[in-house]
Amino acid sequence: MEHFQAYRPLLFSIAYRMTGSVSQAEDIVQDEYLRYQQAETATIQSLKSFLTAIVVNLCLNYLKSARV
């Protein structure tokens, strides 16, 4: 948990820049936290890369669904 909190500002800034919405960025970071809790953390080599990849994918999914 404390490791996730260290990256939270970075993750929020990525989500905000991609979506342009504060509320959507907060939702994405919260969803990412839930996914992080379910992940097998022993297999994660780089937490920053892992979390960044998840937030980018969640943003891309949101942007794709918003266009449809």
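Residues numbered from 1 in each chain as written. Predicted model: local features only at pLDDT ≥ 70, side-chain atom pairs only at ≥ 80, totals over all residues. Heavy atoms only, no water.

Looking at the pattern of salt bridges
Summed over the entire model, instances satisfying the criterion amount to one salt bridge. Note that Arg 35 and Asp 31 form a salt bridge whose closest N and O atoms lie 3.6 Å from each other. Within this pair, Arg 35 and its partner Asp 31 are both found in helix H2 (residues 22-38), separated by four residues, close to a single helical turn. Using a relative accessible area of 42% as the deciding quantity, one classes Arg 35 as partly exposed. The partly exposed category is assigned to Asp 31, whose relative accessible area is 30%. (Salt bridge = Lys/Arg side-chain N within 4 Å of Asp/Glu carboxyl O. Helix = DSSP H or I, 4+ residues; strand = E, 2+ residues; numbered from the N terminus. Buried < 20%, exposed > 50% of the residue type's maximum accessible area, 1.4 Å probe, protein only.)

Concerning the packing of aromatic side chains
Per the stated rule, a full pass over the model turns up three aromatic pairs. Aromatic side chains Phe 4 and Tyr 36 sit 5.7 Å apart centroid to centroid with 25° between the ring planes, which places their arrangement in the stacked category. Here Phe 4 is found in helix H1 (residues 2-19), whereas its partner Tyr 36 is found in helix H2, with 32 residues between them in sequence. Taking 6.2 Å as the distance between ring centres and 10° as the angle between the ring planes, the aromatic pair formed by Phe 12 and Tyr 16 counts as stacked. (Phe/Tyr/Trp six-rings, centres within 6.5 Å; stacked < 30°, edge-to-face > 60°.)

Quick notes on H2
The end-to-end C-alpha distance of H2, which contains 17 residues, comes to 25 Å, matching closely the 24 Å that a straight helix rising 1.5 Å per residue would cover. Among the residues of H2, those classed as buried are Gln 24, Ala 25, Ile 28, Val 29, Glu 32, Tyr 33 and Tyr 36. (Expected span 1.5 Å × (residues − 1).)

A short note on the nonpolar core
Ranked by size, the top nonpolar core spans 15 residues in total, and within it Phe 4, Leu 11, Ala 15, Ile 28, Tyr 36, Leu 51 and Val 55 carry the most contacts. Tallying contributions element by element places helix H3 (residues 47-67) first for this core, with six residues. With residues near it in sequence (within four places) discarded, Ile 28 still touches Ala 15, Thr 19, Val 55, Leu 58, Cys 59 and Tyr 62. (Core = buried A, V, L, I, M, F, W, Y, C linked by side-chain atoms within 4.5 Å. Contact = heavy atoms within 4.5 Å.)

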